[in-house]
Amino acid sequence: TASLGPARRVARGARAGPRHMTYYPEEHSKRELQVDASSRELLDDDDFEDDASAIFDCEPSAVPAEALAQAFGRGGSWRISGELPPGNFWIRQTEAPFHTREFQVSPAHLRKRGAQAMLEKCGVAVINTKGCKGGSSAFAAGQDNFCVARLPNGWEVFGVFDGHGHGGHWPSERAARTVPFFLQGRHCSELFAAGDAEGALHYAVLAAEEDLEAQAKKAGIDIRGCGSTAVVALRRFDADHVYVATVGDSRAALLRVPSGDVLAETSDHKPSRQDEADRIEKSGGTVCSSKHSDGSDCRIYHRGCDYPGIAVSRSLGDCGVKSIGVSAEPEIVRWPMKGNESAYLLLCSDGVWEFLSTAQVSLLVASALKRGETPLAALQELLEVARAQWKCRIIGGVYCDDISMVLVPLGAPQAPRWDSLAVLPSHNPAIALVNKFCLQPCGFQPFGSNNSSPCEREHEAPDSDSDASSLASELSGSPSPSASPRRTTEPASDGCMLQ
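Report on the accompanying structure. In this text, all values refer to a predicted model and were calculated from it rather than measured experimentally. (Residues numbered from 1 in each chain as written. Predicted model: local features only at pLDDT ≥ 70, side-chain atom pairs only at ≥ 80, totals over all residues. Heavy atoms only, no water.)

1. Focus: the overall build of the protein chain
Alright, step 1. For the protein chain, the count of helices and strands is 14 helices and 17 strands.
Alright, step 2. Of the contacts formed within the protein chain by residues at least 6 apart in sequence, a portion of 70% connects residues at least 24 apart.
Alright, step 3. Summed over its atoms, the accessible surface of the protein chain is roughly 22,300 Å², and 52% of this surface lies on carbon and sulfur atoms. (Helix = DSSP H or I, 4+ residues; strand = E, 2+ residues; numbered from the N terminus. Contact = heavy atoms within 4.5 Å. Areas by Shrake-Rupley, 256 points an atom, 1.4 Å probe, with all protein chains shown as cover.)

Quick look at the structure:
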């Protein structure tokens with residue numbers, strides 16, 4: 001089995017891979033962070049000391065759980081990804097066919113109910129669904145995941161991860177959290193400050209691979225025969241280009257709206273690609289093709305053996321085939337943003353691309369948007385068409401792959417800070433204590449809140465366009481004042497009273 005070595009060897013051919021970094025727990029002095037001037041410029045808060053811990057550093061091998069949990073929040077940063085079904089050592093994780101995933105969010109103040117509102121504010125649509133698989137996999141956890149994140153420096157991250165093999169839900173979920181984590185770390189922050197967004201993206205993907213291998217070893221998880229694809233995009237509203245990294249057969253495409261033209265697309269990493277097949281053969285693997293009723297298929301095997309039969313030539317994880325050329329090295333492209341402000345960036349797992357061409361998908365999405373549908377409604381329509389293709393193409397119609405999609409307006413303004421839309425708990429311990437234990441009569445707001453009182457809002461003229469107040473209520477997990485005059489004095493978990 002492969003150790004941390006393969007990822008380092010792959011990285012050496014193109015760009016320096018992950019090097020040693022240091023994780024500083026929260027209790028360490030902020031002076032120990034020694035954040036340099038270039039990193040300071042990335043933090044957009046007036047009070048740098050308050051945001052010093054926005055830059056978390058960690059060994060690419062086995063990122064601690066507390067680091068993943070605490071990395072986002074400072075500097076207005078946030079991350080949204082798919083939440084796995086509950087499970088533990090005694091209870092198996094189960095998920096019903098065609099189930100649509102809930103969101104997991106970081107920081108915790110950006111509550112799950114507010115995650116969808118945040119995505120809508122950004123103009124971004126996300127669907128993360130399980131397919132329908134027979135046998136023992138019928139109620140197994142779906143293997144797709146995604147991430148949408150805003151980094152402290154204003155760069156935005158969008159990703160889709162398609163797991164495969166037994167236990168493939170674990171590497172895809174892990175990568176959906178670690179790729180944004182490494183992108184907000186010190187090393188990537190320095191690369192961003194130097195104008196090397198491509199280098200930061202390259203580094204983060206390889207760091208996620210090393211973390212995956214190390215964490216699997218630490219937790220006793222066998223990833224010799226399971227792994228995940230990755231397609232990750234970096235966008236900033238004032239940048240010249242959008243950067244897209246791919247590992248495997250999850251695909252990104254740039255769509256012109258309303259015409260439906262395909263402006264650009266990534267190339268899948270499959271053994272049917274000649275350059276990919278050449279690398280596999282030179283590394284000691286064998287590529288075999290076969291024909292089926294629903295099309296042809298190329299798979300990778302150890303030479304002289306009938307295993308493992310993996311269908312992608314690059315992946316995260318899959319340590320059992322790293323030695324025969326199945327690489328975690330990302331292929332990165334950059335597409336111009338100038339002149340393409342009306343375009344949309346679409347990232348999908350291969351559940352979409354299996355039976356639909358990029359041109360077909362582009363026309364379908366553009367047509368829905370042209371009719372005035374929301375981006376989420378456009379993705380719902382694409383989901384139905386993709387599932388219909390699986391039903392009619394597969395004999396018996398009993399199998400449908402997991403499908404995950406992220407749709408991003410390329411010319412959208414900068415994604416908002418999470419704390420610009422939510423009611424924040426006070427950082428003053430005394431005020432937080434008062435807010436937690438004191439009752440709030442009608443019109444009383446928590447100390448440190450800038451919102452007007454509910455009584456004042458009740459006397460205002462109704463405004464159907466008052467999206468800001470309703471959005472703030474969603475993000476803070478509180479009902480809209482206009483929805484019900486009733487209030488509760490139950491304190492929220494963050495110490496801020498619920499309205």
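Next, the rest of the story.
2. Quick word on the nonpolar core
Alright, step 1. Within the largest apolar cluster, 76 residues are counted, with the highest numbers of intra-cluster contacts made by Leu183 and Val406.
Alright, step 2. No other element matches helix H7 (residues 197–219), which puts 10 residues into this core.
Alright, step 3. When residues no more than four places from it in sequence are discounted, the contact partners of Val406 are Val124, Ala125, Val126, Phe146, Val148, Phe158, Gly159, Val160, Leu345, Leu346 and Leu347.
Alright, step 4. Core analysis: the next-biggest nonpolar cluster, separate from the first, contains 25 residues, Ala253, Tyr344, Leu379 and Ile403 among them. (Core = buried A, V, L, I, M, F, W, Y, C linked by side-chain atoms within 4.5 Å. Buried < 20%, exposed > 50% of the residue type's maximum accessible area, 1.4 Å probe, protein only.)

3. What about the packing of helix H5 (residues 169–183) against H7?
Alright, step 1. Here H5 crosses H7 at 135 degrees, and the two axes come no closer than 8 Å. Classified by the interaxial angle, the pair formed by H5 and H7 is oblique. Crossing geometry of H5 relative to H7 is assigned as right-handed. Contacts from Trp170, Pro171, Arg174, Thr178, Val179, Phe182 and Leu183 of H5 reach H7 at Ala200, Leu201, Ala204, Ala207, Ala208, Asp211, Leu212, Gln215 and Ala216. (Axes fitted to C-alpha atoms, helices over the stretch in contact; angles between N-to-C directions. Parallel < 35°, antiparallel > 145°, perpendicular 65-115°, else oblique. Left-handed = near helix turned anticlockwise from the far one by under 90°.)

4. Structural notes on the environment of Ser81
Alright, step 1. By the element assignment, Ser81 lies in strand S1 (residues 78–82).
Alright, step 2. Overall, the relative accessible area of 1% leaves Ser81 in the buried class.
Alright, step 3. Note: C-alpha distance between Ser81 and Ala176 (95 residues apart in sequence) is 6.7 Å.
Alright, step 4. In this structure the side chain of Ser81 is engaged in a polar contact, spanning 2.7 Å, whose partner is the side chain of Arg79. (Polar contact = N/O pair within 3.5 Å; in protein donor to acceptor, adjacent residues only side chain to side chain.)

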